[in-house]
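An overview of the molecular structure
If you want the building blocks of each chain, they are given just below.
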There are 2 protein chains.
Amino acid sequence: MAAKLYTEKHEVPYYECDVTNYMTPAMLLNVIILISEKQNLDLGLGADFMEQFGLGWVVIQYDISIDRLPEINETISISTQATSYNRFFAFREFWMKDSDGKELVHVRSTWVTMNKSSRKMVTIPAAALEPYDSEPVKRLPRLKRPTKVEADDDVIEQKYQVRYYDIDGNGHVNNAHYLEWFTDVLPMDFLATHQPTAIYLRFENEVQYGHMIDSIVTKPIEVDGELTTNHQILVGDAVSATATIKWRNHD
Amino acid sequence: MAAKLYTEKHEVPYYECDVTNYMTPAMLLNVIILISEKQNLDLGLGADFMEQFGLGWVVIQYDISIDRLPEINETISISTQATSYNRFFAFREFWMKDSDGKELVHVRSTWVTMNKSSRKMVTIPAAALEPYDSEPVKRLPRLKRPTKVEADDDVIEQKYQVRYYDIDGNGHVNNAHYLEWFTDVLPMDFLATHQPTAIYLRFENEVQYGHMIDSIVTKPIEVDGELTTNHQILVGDAVSATATIKWRNHD
């Protein structure tokens, strides 16, 4: 039996788009997470349910394939399913489709459950997965990992202060903001003429309100025929998150 | 005959809220502008229509009264009407209501039409107002103006770099970001325990991508029994925008 699919429509407002009038990668993460939270609520598995166990879901990795980003005023459908899991990891997928049912975006993600007081990863309680009809598996699908930024890479670098509005209702930095810090470092004339085709994103250590983060990106170069940037966010010497983004021309 | 009223419902997603789980003032501006753009389109008066005249609408002042901000997952209704106008100024109102029809927010705003090449204010073409059934008037309602930040005020100050994602599809800084720059300067423990009851906001000079702006705010003090902050955004010595915000406790 396949895992339950949850679908909602979403009309893309101008304020979820950038200067090119396409949805920003950060907003893409915001809206898919919204849909997964709605599925959680729909199945009685919202934040309150997880709270009983003293646990919360935390995403550790995204592997995002993009045919094209959703466009201003476009109505897309967004679907999600909690596809499979093992003792420690859960695998969740998302799809964005246009009004003709053509796939625009496919997101694969890996999640863990974290003890809210110890901030440590714990085994996933069975009760938190059964209602999704998730498939128990030995090994989860392998997501593509970001490529490291190396010491001799030619990089651009910028510092960002974590702001009040970067913090969400859980008191943590909303993950979507990492994508803004990753990409804002690139020059406007690059960002306004390119669209991502793939984003591999991994979260390592949480950044906090008041932190000054350092966003480092390799200058765009062709890797296996694809224009590629590698990204790293540091707080002091600690790596908070890494990403690899592949780009296509978009004029 | 009263001006045409346009209404839409809006469900408040978590990513339009701050750490208190109430809608951010910046998102409040984003969603009301979305509703006015939908009314424009509905009446055949969208950006394309204004483009014929080489003109665009620009908001110069907001006077916002807040009973309480919309809450996470709440479905509100948002209404707008282009109430009245004279040769140079148009007056537009917005209302947010809860599901019982109780008014949460009332926004009064003043708009001008700007020539897109000269960036100068011009008389408003009659054709751009008639379909709204706006009332022609001699004098528009007087909106409350922000109080100036004075040289001897006790202030907090912070610099912000204008970022790529601050720029909208028109190539300009989305006005909503001014509210983030105005308020982020205040300490988190103040912002997380107070909610605005009124925001008077005036735009003077446009800030641009790459600008470093200076956001200056007076420390919260009681003025006529209301906790008040005055705000100023500078680019170099030029004032870009000013605001006065009144606050209430919100625990």
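Within each chain, residues carry numbers counting from 1 in the order of the written sequence. For naming, the first written chain is A and the first written ligand is 1, with later ones following in the order written. Under the rules for a predicted model, residues below a pLDDT of 70 receive no local features and side-chain atom pairs below 80 are neither given nor counted, while totals for whole chains, interfaces and linings still include all residues. To obtain the side-chain values, all non-hydrogen atoms of the structure were included, while hydrogens and water were left out.

Details of the overall build of chain A
Worth spelling out the cut-off: A helix here means a DSSP run of H or I that spans at least four residues, while a strand means a run of E at least two residues long, and both kinds are numbered starting from the N terminus. A radius of gyration in this sense is built from C-alpha atoms; the matching globule rule multiplies 2.2 Å by the number of residues raised to 0.38. Classification of residues uses two cut-offs on accessible area relative to the type maximum, computed with a 1.4 Å probe and protein chains only: under 20% is buried, over 50% is exposed, and between them is partly exposed. Any pair of residues with heavy atoms lying within 4.5 Å of one another is described as a contacting pair. Here, Shrake-Rupley sampling with a 1.4 Å probe gives the accessible areas, and only protein chains in the shown set may cover a residue. In this count, Lys and Arg are taken as positive residues and Asp and Glu as negative ones, while His and the chain termini are left out. We put the charge of a Lys on NZ, of an Arg on CZ, of an Asp on CG and of a Glu on CD.
Assigned secondary structure in chain A consists of four helices and 13 strands. Against the compact-globule benchmark of 18 Å for 251 residues, chain A has a radius of gyration of 18 Å, which places it among compact chains. Dimensions of chain A, computed from C-alpha atoms along their principal axes, come out at roughly 50 × 45 × 35 Å. Residue burial in chain A is summarised as follows: out of 251 residues, 57% are buried. Sequence separation of 24 or more characterises 73% of the internal contacts of chain A that already satisfy a separation of 6 or more. Here chain A displays about 11,400 Å² of accessible surface, and carbon together with sulfur accounts for 48% of that area. Chain A carries 24 positive and 37 negative side-chain charges, and their two centres are separated by 7 Å.

Details of the pattern of salt bridges
Two side chains with opposite charge may pair up if their charged atoms get near one another. As a reminder, the rule being used: Each reported salt bridge corresponds to a side-chain nitrogen of Lys or Arg within 4 Å of a carboxyl oxygen of Asp or Glu.
One pass over the structure, following the stated rule, counts 24 salt bridges over all chains. Here A:E206 and A:R119 are joined by a salt bridge, their closest N and O atoms 2.8 Å apart. A residue pair is termed long-range when its members are at least 10 positions apart, and A:E206 in the loop between β9 (194–203) and β10 (212–218) and A:R119 in the loop between β5 (103–115) and β6 (121–122) qualify at 87 residues. Between B:E74 and B:R68 there is a salt bridge, and its shortest N-O distance comes to 2.8 Å. A relative accessible area of 21% places B:R68 in the partly exposed class. Several salt bridges share partner residues, and in doing so they unite A:E8, A:K38 and B:E11 into one network.

Points about the packing of helix α1 (residues 25–42) of chain B against helix α3 (residues 176–184) of chain B
All names here are of chain B. Using the following cut-off: Convention adopted: a line fitted to C-alpha atoms gives each axis, helices being fitted over their contacting stretch, and angles between N-to-C directions are expressed from 0 to 180 degrees. What sets the label is the angle itself: under 35 degrees gives roughly parallel, over 145 gives roughly antiparallel, 65 to 115 gives roughly perpendicular, and the rest give oblique. By the convention adopted, Pro, Cys, Tyr, Trp, Phe, Met, Ile, Leu, Val and Ala count as nonpolar, Lys, Arg, Asp and Glu as charged, and the other residues, Gly among them, as polar.
Remark: α1 packs on α3, axes separated minimally by 8 Å, with the N-to-C direction vectors making an angle of 170 degrees. The pairing of α1 with α3 is recorded here as roughly antiparallel in orientation. Seen from α1, the contacting residues are P25, A26, L29 and N30; seen from α3, they are A176, L179 and E180. Across the contact of α1 with α3, the residue classes break down as five nonpolar, one polar and one charged.

Remarks on the nonpolar core
In plain terms, the rule: Put simply, buried Ala, Val, Leu, Ile, Met, Phe, Trp, Tyr and Cys residues joined by side-chain atoms within 4.5 Å make one nonpolar core.
Core analysis: the biggest nonpolar cluster contains 136 residues, and A:Y62 and B:Y62 have the highest contact counts within it. In this view, A:Y62 contacts A:L29, A:I32, A:I33, A:V107, A:R108, A:S109, A:W111, A:L143, A:I199, A:Y200, A:L201 and A:F203; residues no more than four positions away in its chain are not counted.

Here we look at the interface of chain A and chain B
Using the following cut-off: What counts as buried area is the accessible surface, traced by a 1.4 Å probe, that two parts surrender upon association, with contributions from both included.
Contact residues are listed per partner, giving 41 residues for chain A and 41 residues for chain B. Interface area for chain A against chain B, summed over the two sides, is near 3,500 Å², with a carbon-plus-sulfur share of 57%. Summed over the three residues of chain A that lose the most area to chain B, namely A:R163, A:Y164 and A:Y165, the buried surface amounts to 25% of that side. The interface formed by chain A and chain B holds two salt bridges in total.

Thoughts on the relation of the copies chain A and chain B
Stated formally: To line up the copies, we fit them by least squares on C-alpha atoms, keeping just the residues with pLDDT of at least 70 in both.
Relative to chain B, chain A is turned by 180 degrees and slid 0.0 Å along the rotation axis, the superposed coordinates differing by an RMSD of 0.0 Å. As the rotation angle and translation indicate, the two copies are arranged about a two-fold axis. Minimal C-alpha distance to the rotation axis in chain A is attained by A:Y160, lying at 4.6 Å.

Section: the pairing of β5(A)
Side chains on a regular strand alternate between the two faces of the sheet. All names here are of chain A. Condition: Note on pairing: DSSP must find at least two bridges between two strands before they are called paired.
Counting buried positions over the 13 residues of β5 gives 10, a clear majority of the element. Across 11 bridges, the pairing between strand β2 (residues 55–66) and β5 is antiparallel. Its bridge partner lying in β5, I64 is registered against V107. Examined bridge by bridge, strand β4 (residues 90–97) and β5 share eight bridges and lie antiparallel to one another. Within the sheet, the bridge partner assigned to K97 lies in β5 and is E103. Linking two consecutive strands that pair antiparallel, namely β5 and β6, is a turn of five residues; a positive phi of about 60 degrees is found at R119 within it.

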